[in-house]
Each structure stands twice: as structure tokens, then as C-alpha cells.
2 protein chains.
Amino acid sequence: MYTAAVQDLIDELGRLPGIGPKSAQRIAFHLLSVSKDDALRLAHSITVAKERVSWCRRCFNIAEVQAGLHPGSGLAQHAASEPAGDAHTVLCDICRDARRDPKVICVVEESRDVVAMEKTREFRGLYHVLGGAISPIDGIGPDKLRVRELIARISPEGVEEVILATNPNIEGEATALYLTKLLEHLPLKVTQLASGLPVGGDLEYADELTLGRALEGRRTIGG
Amino acid sequence: MYTAAVQDLIDELGRLPGIGPKSAQRIAFHLLSVSKDDALRLAHSITVAKERVSWCRRCFNIAEVQAGLHPGSGLAQHAASEPAGDAHTVLCDICRDARRDPKVICVVEESRDVVAMEKTREFRGLYHVLGGAISPIDGIGPDKLRVRELIARISPEGVEEVILATNPNIEGEATALYLTKLLEHLPLKVTQLASGLPVGGDLEYADELTLGRALEGRRTIGG
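As the structure is a computational prediction, the values presented were derived from the model and not from experiment.

Definitions and limits used
- Residues numbered from 1 in each chain as written.
- Chains lettered and ligands numbered in written order.
- Predicted model: local features only at pLDDT ≥ 70, side-chain atom pairs only at ≥ 80, totals over all residues.
- Heavy atoms only, no water.
- Helix = DSSP H or I, 4+ residues; strand = E, 2+ residues; numbered from the N terminus.
- Polar contact = N/O pair within 3.5 Å; in protein donor to acceptor, adjacent residues only side chain to side chain.
- Least-squares fit on C-alpha atoms with pLDDT ≥ 70 in both.
- Contact = heavy atoms within 4.5 Å.
- Expected span 1.5 Å × (residues − 1).
- Buried < 20%, exposed > 50% of the residue type's maximum accessible area, 1.4 Å probe, protein only.
- Buried area = accessible area lost by both parts, 1.4 Å probe.
- Salt bridge = Lys/Arg side-chain N within 4 Å of Asp/Glu carboxyl O.
- Pairing = 2+ DSSP bridges.
- Axes fitted to C-alpha atoms, helices over the stretch in contact; angles between N-to-C directions.

Engineer: Can you lay out the environment of A:Arg15 for me, pointing to particular residues and giving the numbers?
Structural biologist: If you trace the backbone, A:Arg15 turns up in the loop between α1 (4-14) and α2 (21-33). For A:Arg15, the side chain forms a polar contact with the side chain of A:Glu12, separated by 2.8 Å.

Structure below.
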């Protein structure tokens, strides 16, 4: 129905997560109708991101290669599938920041979770990005996550506390449980983010699991 | 929170229609995690589409410049804002097809409506793409649409029927009404797509406006 270039564009847009065929068509026509500069800015930002953005060789958070530097081999393909000893040359902003406390590592599933944690301004330690959560249905076992790399950091970096901040869902909980077992023989404290009522939430509308967790994790505030 | 390249990518994605900040972030991280080839294919398809796709100088449907040909000035910016006599060099596949009947013009709002009409395989005439519908709230008057270009086609092309196929909503109906008034003094037939019950629909669930239109447009089938 469409000419080749338009169909290609719709197909490529349709491969993005959360973009169905109708949305892809709508976005394609939007890109065709805006000025050439506006559309090419998107194309350019994709190219630049793929050239500059790599994974931190220490915590696997996203890290940007400084303009002018050669991106190195750390950039390519799925970082998760690369051997841990690969020639990653990049450190992320957080790992480079000398004011951060290297004795506390917060383990998260994805880079975007680092952003969520940073927004709290409550955490001053370092991170470790697993690259997902254990999910047998999707064929993701601990070997597909950066678990080995986490264990390898503990002793050389003198880590004293690992905070498990995986998502409070089945996969995240399974991952936290797995890591707890794995870390229990090491001389460090393992903690997990509290589950409970969201601030500003309504007791009446809380699901029973969340309310159960809130009750289980209740704190003494007086008496 | 993000490094410059990632933030740029999220910002650019967030400018697309129907993509909120969360979706933009999700798509950006998806693009960062897929292979470089996959991500650059999207960037490339945007670039190619903007280079090749132009607007038909006759009906303003999307038209593709043949590879190797110079795209010409027809490609740039908002075609709607270009003067009608501009050096458009491209004709769309439909206007180039000698088997189509040039005496019947179907007027639609957007290029994607042409695709919808073509899918019916019922229409063998030509099109005219207005580039939108009259919408005073959005500041879109008839002068922002390709109405002048439509009027200019009627006499030289020997048009005998104009089918108004604007959307059956307030803006589309207003546009159809405006065009009906404008065309009524010309020696041609003006028709409009029928409104009524969608095929496969349920009388019970039809809204009263649609059902009212279906009643109004009822056809004699016997007696």
C-alpha cells in the first residue's frame, strides 16, 4: 500500500517496544510532515547515542564515552553477552565520582532503576546493574545476568553492604532471593528495599499483598 | 539524570505523537540495548524517508522520488505551506496510473486515508489530499488546507464527481460542508460517504448519532 521508503519506516518504528502498527503509521506520517531538520534530529540522536553510550565497566550502568575519545569495543551489541574481562574502557559518572561511598552497593535490574534511585537523593553508594531479573519463562537464568560480575566486585572493593533493589514483582523477588542465598556466606550485610504502602496512597485501595507486606514490615514508633 | 546523548534521544523520542516521557525512556533504553545495526536501521529509514518521500504535485498524496533522481524542491518542509505553483516534480503512483478514472476525485484529509480507501478496492478514481480538516480551535482554516489546489484541478482535469471522504467527526463534517458550498456553483456532482452502522457491528451498541444517521440514510430494498 505504501511506497518502499514509507513502508520501511513504518516497519522499523513498529519494532520499537509499545508501538503497534497503527502507532507506527501515525509516527511515520508525523515524521514525513515535520520539517526535514526535525526528523533528521531524531535520526541523528539515535546514531549519536549508539556511538557514545556504552556500559560502565564496573557497575554496568549506562556510561557515555567522552566526545573525541574512541568508543572502544565496550560499545557494541549486548553488553550482557560479553565476557566480564572484556576491554571496557568506560566508567559511568557515578563510579567516577570520588564522593560516593564504595562500601555500599545497590543492586538494580536496569539502568533506569539507577535514575529512579538517584532521584531520591538518599543514596550515596555505588550501583550494580544486573541487566534484568531471573525469569525462567523468558529463559533468563542467573547466568544471563551480571551476577558473576557482582560477586567479583565484593572483595576487591571492600563492600560492606549490598542493598537489593530489584522490582517488587515475582521475577525481582526471585532474583533477590537468589542473590541473598549467594551472598549469605560472605562477610557483609544484605538488605532489601522495604515493601509497603506508597506515600500518598490510600489504605482502602491498597491491594492485599502490599497491605500484608506493610503489616509484616511494621515499625515501632512509640511505647 | 542521564548523560547528554541519552537525554537527547529521550527528548527527541518524546516529541513523537503518542509517546509520553515514560515511553520515550523505555524506547531509548530499548535502542541502547539492541545491536548497533538494528538501532541504526531505524535512523537510516528516517533519513531515507525524508530524502525520498515527497508530495504528489497533483493530489498531494505521499509520493516517492525514484532512487537516483534528484528529489527536487518538492521534498522540503511543510508542503501545505508551499505555493501551489511550486516546482513539485513528483507524481504519486495513483496519479501516474493511466487506468485510473480522472473524472472522479475523492477528497480526503490525510495520505493515510488514501490507503484506507485503496484497501476497499472499490474506488478507481483519483484523490485529493487536503492535509487536514477545518478546525478553528487549532487555527486551521480553509486557507491552511489544499482547497485552492482542489478547485484549480476541477476544470482542467474535466472532473465530473467529487466524493467528500473527510472523517465523520465535527472537523471533517465542517470541512465537507464548506467544500459543498464552495463546489455547488460548479457543473459537477458532489457526494459524501454514507454514515451508518459499521458492518459486523451491533445495533444495541451503536451510539444514537450513528443509528440516527443510519435511519436517515435508509435504503429501499424491496416493495
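Engineer: An account of the relation of the copies chain B and chain A is needed here, citing residue identities and associated values.
Structural biologist: In summary, the two copies of the chain are related to each other by a rotation about an axis coupled with a shift along it. Laying chain B over chain A is done by rotating through 179 degrees and shifting 0.0 Å along the axis; what remains is an RMSD of 0.1 Å. Interpreted geometrically, this transformation is the action of a two-fold axis. Identified as the residue of chain B closest to the rotation axis by C-alpha distance is B:Ala43, at 2.1 Å. Both copies share a contact surface, since 100% of the interface residues of chain B are interface residues in chain A too.

Engineer: Please provide a residue-by-residue account of helix α3 (residues 36-52) of chain B, values included.
Structural biologist: In this model, α3(B) (17 residues) spans 24 Å end to end at C-alpha, consistent with the 24 Å of a helix rising 1.5 Å per residue. Regarding α3(B), the residues found buried are B:Ala39, B:Leu42, B:Ala43, B:Ser45, B:Ile46, B:Val48, B:Ala49 and B:Lys50. Contacts from the buried residues of α3(B) go to α1, α2 and α3 (36-52) of chain A together with α2 (21-33) and β1 (53-55) of chain B.

Engineer: Explain the interface of chain B and chain A to me, using residue names and the numbers behind them.
Structural biologist: Buried accessible area, meaning the area lost when the parts come together, often serves as the stated size of an interface. If you look at the interface, chain B gives 53 residues, while chain A gives 53 residues. Overall, the association of chain B and chain A removes approximately 5000 Å² of surface from exposure, summing both partners, and the carbon and sulfur fraction of that is 73%. The largest contributions to the chain B side of the interface with chain A come from B:Met1, B:Ile46 and B:Lys50, which together make up 13% of the buried area. Scanning the region where chain B abuts chain A turns up 2 salt bridges. Residue A:Arg41 pairs with B:Glu12 through a salt bridge whose shortest N-O separation is 2.9 Å.

Engineer: Explain unusual backbone geometry to me, and be specific about the residues and the numbers.
Structural biologist: Residues and elements named next belong to chain B. Phi at Phe60 takes a positive value of approximately 65 degrees, unusual for a residue other than glycine. With respect to the helices and strands, Phe60 occurs in the loop between β1 and β2 (62-64). Here the phi dihedral of Arg121 falls at roughly 55 degrees; this positive angle occurs in a residue that is not glycine. Tracing the backbone through its elements, the reader meets Arg121 in the loop between α5 (111-120) and β4 (125-129).

Engineer: Which residues make up the pairing of β4(B), and what are the values?
Structural biologist: All names here are of chain B. With respect to burial, β4 is a largely interior element, 5 of its 5 residues being buried. In terms of strand pairing, strand β3 (residues 101-108) meets β4 through 5 bridges, oriented parallel. Considered in β4, the bridge of Asp101 is made with Gly125.

Engineer: Lay out the environment of B:Asp38 with the relevant residues and their values.
Structural biologist: All names here are of chain B. Among the structural elements, Asp38 can be located in helix α3. Between the alpha carbons of Asp38 and Val90 there is a distance of 31 Å; along the sequence they are 52 residues apart. At a separation of 3.2 Å, a polar atom in the side chain of Asp38 contacts the side chain of Arg41.

Engineer: Give me the sheet that holds strand β4 (residues 125-129) of chain A: which residues, what numbers.
Structural biologist: All names here are of chain A. Here we have 4 strands laid out as an open sheet, ordered β4-β3-β5-β6, and parallel in their pairing. Looking at strand neighbours, the two that pair on one side only are β4 and β6 (189-192), the edges of this open sheet. Mean inter-strand twist for the sheet, computed between neighbouring axes without regard to direction, equals 25 degrees. Relative to β6, strand β5 (residues 161-164) is paired through 4 bridges, and the arrangement is parallel. Counted as the bridge partner of Glu161 is Lys189 from β6. Running at roughly 155 degrees to β4, helix α5 (residues 111-120) makes contact with β3 (101-108) and β4 of the sheet. Set on the sheet, helix α7 (residues 170-183) makes contact with β3, β5 and β6; between it and β5 the angle comes to about 160 degrees.

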